[in-house]
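Next come the chains, spelled out residue by residue.
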Amino acid sequence: MAKVVLDNLTKQYAHGYITAVNKLSVDIADGEFLVLVGPSGCGKSTALRMIAGLEEISGGTVAIDGEVVNEVHAKDRDIAMVFQNYALYPHMSVYDNIAFALQIAKVPRQEIDRKVTEVAGILQLEPYLGRRPGQLSGGQRQRVAMGRAIVRQPSVFLMDEPLSNLDAKLRVQMRSEIARIQDRLGTTTIYVTHDQVEAMTMGDRVALMKDGVLQQVDTPSNIYGRPANIFVASFIGSPAMNLYHAQLGERGAGGASLKLGSRSLQVTESVFQQRPDLARHAGGEVIVGMRPEDMEDLALVPGHPPDQTITADVYLSEALGSDNIVHFNLDARVAEVIDPDTLSDISKSLDGGSSACVARFDAKSTVRTGERVRIAVDCARLHFFDAQSGLAIWGD
Ligand SMILES: Nc1ncnc2c1ncn2[C@@H]1O[C@H](COP(=O)(O)OP(=O)(O)OP(=O)(O)O)[C@@H](O)[C@H]1O
Ligand SMILES: [Mg+2]
């Protein structure tokens, strides 16, 4: 049971030349499952290692249950860590692998037995206690590594990409397994991954980092539905959100028109009510975000308002059985994240032709490569960002 507070946590390398983690502040509640996610090199492992006490802290503090632990040795922090490369002892049985830390700590044999049996029960490892790691599947081995962490009953679990060595199917299985175990134990957990699906499905909250800087920390549903900036918007969701520079018209009774290159869409009054600050952008440039899943083949949405559709030539249609992923070009400027730290110059124009847009149609859509299609855009679900800063336009 522990609350973990990171306050302006900073790590610099190379005499301050590299800032791997830049003023990271997050309050992690007792029992919470926080997922730290972001692209490779964004500072996730460094942050985790500072919390664990495996890395010296350059600035800021880590507090566990109100006590600043910056100077507390790793082994005295009451934390257990599960890594990507969990090294099990190959010559020891599963039982002894799990029991090892307790044996070292000279815990009485009976108590060790009780704890190992309990942990093996939670992890469904009872049938394998007598085996050696080499006689287990990848997922079973991963569970043994978890067992070694759980048996110590730490107040905090830190996990750094613990599933990345497993094949895709096993990852999915272990994903829910870990979430279930964490829920049952109620141990505060910080879980690092670069996999957005893990982030969205496992965590109570998701903390998204880029270049050492925290971009947003929020529930999975808010990270998806209310991304704070265009980086978060583009990182979460697959296929990614389409982001374009667009011209918002003057606001009239029925909302405003949005010019997206040579096409236009009607932004309804309800959108302005949902995002009060959008009114200040009327008559100016904005970045608009359209999620692939918020576009549909018009043929499948009878009665969709004609002023909320676009027509495009499909250069690639991928009928996946479950969906039809449709690619086309829009002649609008793509908004691209360059550097969310320097909030100016966040977007740039790509050379013409590379303004590809992706839509996720229902599998019933018969649109195929080379065809022209009319696309129903769910304009109530458009996202809007400031054209200069890339920050979401809300205003509430
Ligand atoms: N010992 C070091 N000396 C200098 N720079 C380092 C050192 N360790 C890490 N870095 C740099 O710090 C940054 C953050 O690294 P970190 O390992 O925390 O990233 P990560 O988010 O865990 O990435 P990945 O998803 O690839 O594991 C990177 O730019 C990395 O090159
Ligand atoms: Mg890492």
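Residues numbered from 1 in each chain as written. Chains lettered and ligands numbered in written order. Predicted model: local features only at pLDDT ≥ 70, side-chain atom pairs only at ≥ 80, totals over all residues. Heavy atoms only, no water.

A. Seen up close, the packing of helix 2 (residues 94-104) against helix 3 (residues 109-122). It is at 10 Å that the axes of helix 2 and helix 3 come closest, and there the two elements cross at 135°. On the basis of their axis angle, the class for helix 2 and helix 3 is oblique. Crossing geometry of helix 2 relative to helix 3 is assigned as right-handed. For the pair helix 2 and helix 3, contact is made by Tyr95, Ile98, Ala99, Leu102 and Gln103 and by Ile112, Asp113, Lys115, Val116 and Val119, respectively. Each residue belonging to the contact of helix 2 with helix 3 can be placed in one class, and the counts come to seven nonpolar, one polar and two charged. (Axes fitted to C-alpha atoms, helices over the stretch in contact; angles between N-to-C directions. Helix = DSSP H or I, 4+ residues; strand = E, 2+ residues; numbered from the N terminus. Parallel < 35°, antiparallel > 145°, perpendicular 65-115°, else oblique. Left-handed = near helix turned anticlockwise from the far one by under 90°. Contact = heavy atoms within 4.5 Å. Nonpolar A, V, L, I, M, F, W, Y, C, P; charged D, E, K, R; others polar.)

B. Examining the site of ligand 1 more closely. The environment of ligand 1 is formed by Tyr13, Ile18, Ala20, Ser40, Gly41, Cys42, Gly43, Lys44, Ser45, Thr46 and Glu161. At a separation of 3.2 Å, an oxygen atom of ligand 1 approaches a polar backbone atom of Cys42. Within the side chain of Thr46, one N or O atom sits 2.5 Å away from an oxygen atom of ligand 1. For ligand 1, whose unbound accessible area comes to 640 Å², protein coverage reaches 59%. Here the element with the most residues in the shell around ligand 1 is helix 1 (residues 44-52); it accounts for three residues. Along the lines of polarity and charge, the residues of the shell around ligand 1 split into four nonpolar, five polar and two charged. (Near = heavy atom within 4 Å. Polar contact = N/O pair within 3.5 Å; in protein donor to acceptor, adjacent residues only side chain to side chain. Areas by Shrake-Rupley, 256 points an atom, 1.4 Å probe, with all protein chains shown as cover.)

C. Representation of the side chain of Arg175 within the structure. Along the chain, the position of Arg175 falls in helix 5 (residues 168-185). There is no salt bridge for the buried Arg175, and the closest opposite charge comes from Asp195, which lies 5.4 Å off by N-O distance. Here Thr201 takes part through its side chain, which lies 3.4 Å from a polar atom of the side chain of Arg175. If we skip the residues at most four places from it in the chain, Arg175 touches Leu163, Val197, Glu198, Thr201 and Met202. (Buried < 20%, exposed > 50% of the residue type's maximum accessible area, 1.4 Å probe, protein only. Lys, Arg positive; Asp, Glu negative; His and termini not counted. Salt bridge = Lys/Arg side-chain N within 4 Å of Asp/Glu carboxyl O.)

D. Spotlight on the domain arrangement of the protein chain. What the domain assignment lists for the protein chain is domain 1 (4-227) and domain 2 (235-386). Computed over C-alpha atoms only, the centres of domain 1 and domain 2 are separated by 38 Å. Carbon and sulfur atoms make up 63% of the surface buried where domain 1 meets domain 2, a total of about 1,100 Å² over both sides. Among the residues of domain 1 in contact with domain 2, Gln196, Tyr224 and Pro227 are the three that bury the most area, contributing 49% of the side total. Counting across the interface, domain 1 meets domain 2 through zero salt bridges. (Domains from an automatic or database assignment. Buried area = accessible area lost by both parts, 1.4 Å probe.)

E. Quick look at the layout of surface pockets. When its volume is computed, the largest pocket comes out at roughly 500 Å³. Counting only elements with at least two residues in the lining of the largest pocket, the list comes to strand 6 (79-82), helix 2 and helix 4 (138-150). A volume near 220 Å³ is recorded for the second largest pocket. Every residue lining the second largest pocket is counted, 14 residues in all, and those nearest its centre are Ile150, Gln153, Pro154, Leu185 and Thr187. Here the lining of the second largest pocket gets four residues from one element, more than from any other, and that element is helix 3. (1 Å grid on protein atoms, 1.4 Å probe; cavity = no way out; pocket = protein on both sides within 12 Å on 5 of 7 lines; lining within 4 Å. Points joined across faces, edges and corners; volume = space filled by probe spheres on them.)

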